[in-house]
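# Report on the structure
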Amino acid sequence: MSKLGTRTFTMLQTVTSVGLSALAWAVTGVRPIWNGSQPSDRQRIYFANHASHGDFILLSACLSEKERARTHAVAAADYWGKSRLRRFIAQDMLSSVLIHRQWTDEAQNPISIMLSVLDEGHSLIVFPEGTRNMTDQPLLPFRSGLYNLSMARPDVELIPCWIENMSRVLPKGQFVPVPLLCRVVFGAPIAIAPGEERRAFLDRARETLLALNPRPPAHDAEKWNPVFRKTSCDP
C-alpha cells in the first residue's frame, strides 16, 4: 500500500473514531465510572461483557483520543469477514482485529494474531465470553484467550469493564440505536496469581467483571457496591 493509501485509511479511521464516539455520547450520554483504575497511557487489555455489536464503540468512547487511536477491538472474522463491506467496516473504518474462532491454519491462530498487535505497542478490547450473550445469564463462562494472553504478556494490564444497557440501545438485528442512558464501569486491574490454574483464573476474572455490574440480578442485590447507588440511572 502506498504512503498516500496508508494516510487515507489512517484519516478514515480517525474520522470514524471521532464520529462514532460523538454519536455514542449523543445517543447514550455514556458515563465512564473508574472504580479501581484510572485513565492511563499504559498498554492494556480491556475485557468486557458482550451483548451488542455496539459494545466496543461505547467502551472506546470512554477513552481519550490518544488511547482510542491505539486500542483495537477483537472481532470474529466469521461474521465481520463474510463480505467485502463488513471487512471494510471492521478493519478499515473501525480498526478492528479480526480473528477466526474456528481455525485450522497456524497463520490464523487467534492468540498469535492478538500477540502481534500487542507487540506493536497497541492495546486490545476483548470479549472473553467469545460471542454475544443472548441468554438470560448476566455473563457466559469465559474462554481461554484471556488467560493465554496474560500468560504470554504478563506486563500488559488486564482491566475489567462492565458495559451497561448497550444491548437495549442496539439490539441484535437492529441498526438504528435507541436513545438510552449507558455506563461503562472500569474496575481494578487483575493478574494471574503465581501457580494459579487456567480455570481458576478465568472464574476469578468472570466474578471480578460480574461484581462491576451496577444493576445485578435481584437475588444478588445485597452484593451491590454502594458507589453505584448514587449513579444509578433508574427513575
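Preceding this paragraph is the structure being described.
Residues numbered from 1 in each chain as written. Predicted model: local features only at pLDDT ≥ 70, side-chain atom pairs only at ≥ 80, totals over all residues. Heavy atoms only, no water.

## Concerning the overall build of the chain
Helix and strand counts for the chain come out as ten helices and seven strands. Within the chain, the proportion of its 235 residues that are buried is 44%. Of the contacts formed within the chain by residues at least 6 apart in sequence, a portion of 72% connects residues at least 24 apart. Accessible surface for the chain amounts to roughly 12,600 Å². Of this, 57% is attributable to carbon and sulfur atoms. (Helix = DSSP H or I, 4+ residues; strand = E, 2+ residues; numbered from the N terminus. Buried < 20%, exposed > 50% of the residue type's maximum accessible area, 1.4 Å probe, protein only. Contact = heavy atoms within 4.5 Å. Areas by Shrake-Rupley, 256 points an atom, 1.4 Å probe, with all protein chains shown as cover.)

## Notes on the nonpolar core
Buried together is how nonpolar side chains tend to be arranged in soluble globular proteins. One finds F47, V126, L146 and F201 to be the most contacted residues of the largest nonpolar core, which totals 30 residues. At the level of elements, β2 (44–48), β4 (97–99), α6 (110–119), β5 (123–126), α7 (145–152), β6 (157–164) and α9 (198–210) are the ones that each hand at least two residues to this core. Ignoring anything within four residues of it in the chain, the contact list for L146 reads I45, F47, V126, P128, L158, F201, L202 and A205. The next biggest cluster of nonpolar side chains, apart from the first, holds 19 residues, and it includes L63, I125, F127 and F186. (Core = buried A, V, L, I, M, F, W, Y, C linked by side-chain atoms within 4.5 Å.)

## A closer look at the environment of L202
Relative to the helices and strands, L202 resides in helix α9. With a relative accessible area of 0%, L202 lands in the buried category. Distance from L202 to P128, taken between C-alpha atoms, is 8.9 Å for residues 74 residues apart in sequence.

## Structural notes on the packing of aromatic side chains
Geometry of an aromatic ring pair is reported as the spacing of the ring centres plus the angle between the planes. Following the criterion strictly, the structure yields five aromatic pairs and no others. Their ring planes at 10° and their centres at 4.0 Å tell us that W34 and F186 sit as a pair that is stacked. Residue W34 is located in strand β1 (residues 31–34), and its partner F186 is located in strand β7 (residues 183–186); the two are separated by 152 residues in the primary sequence. Given the relative accessible area of 19%, W34 is considered buried. Residue F186 is classed as buried on the basis of its relative accessible area of 0%. Linked through ring pairs, W34, Y46 and F186 together constitute an aromatic cluster. The ring of Y79 has R86 lying over it, and the distance from NZ or CZ to the ring centre is 4.1 Å. (Phe/Tyr/Trp six-rings, centres within 6.5 Å; stacked < 30°, edge-to-face > 60°. Lys NZ or Arg CZ within 6 Å of the ring centre and 35° of its normal.)

## Some remarks on the pattern of salt bridges
According to the stated counting rule, one finds ten salt bridges in the structure shown. Notably, a salt bridge pairs D119 with R153, separated by 2.8 Å at the nearest N-O pair. Taken together, the residues span a long stretch of sequence, with D119 in helix α6 and R153 in the loop between α7 and β6 at a distance of 34 residues. Given a relative accessible area of 26%, R153 falls into the partly exposed group. Notably, a salt bridge pairs R204 with E196, separated by 2.8 Å at the nearest N-O pair. For R204, a relative accessible area of 31% puts it in the partly exposed group. Among the charged side chains, a salt-bridge network with shared partners connects R42, R44 and E157. (Salt bridge = Lys/Arg side-chain N within 4 Å of Asp/Glu carboxyl O.)

## Regarding the side chain of N109
With respect to the helices and strands, N109 occurs in the loop between β4 and α6. Of the polar contacts made by the side chain of N109, one reaches the backbone nitrogen of I111; its length is 3.0 Å. (Polar contact = N/O pair within 3.5 Å; in protein donor to acceptor, adjacent residues only side chain to side chain.)

## Looking at the sheet that holds strand β3 (residues 71–76)
Read from one edge of the open sheet, seven strands run β1-β7-β6-β2-β5-β3-β4, paired in mixed fashion. Only two strands of the sheet have a single neighbouring strand rather than two, namely β1 and β4. Adjacent strand axes in the sheet meet at a mean angle of 25°, parallel and antiparallel pairs treated alike. Bridge count for β2 against β6 is five bridges, and the pairing is parallel. Across the sheet, A48 pairs through a bridge with C161, a residue of β6. (Pairing = 2+ DSSP bridges. Axes fitted to C-alpha atoms, helices over the stretch in contact; angles between N-to-C directions.)

## Focus on the packing of α7 against α9
At a minimum axis distance of 9 Å, the contact between α7 and α9 shows a crossing angle of 110°. Viewed along their axes, α7 and α9 adopt a mutual orientation that is roughly perpendicular. Residues L146, Y147 and N148 of α7 form the contact with α9, whose own contacting residues are R198, F201, L202 and A205. Class assignment for the residues of the contact of α7 with α9 results in five nonpolar, one polar and one charged. (Parallel < 35°, antiparallel > 145°, perpendicular 65-115°, else oblique. Nonpolar A, V, L, I, M, F, W, Y, C, P; charged D, E, K, R; others polar.)

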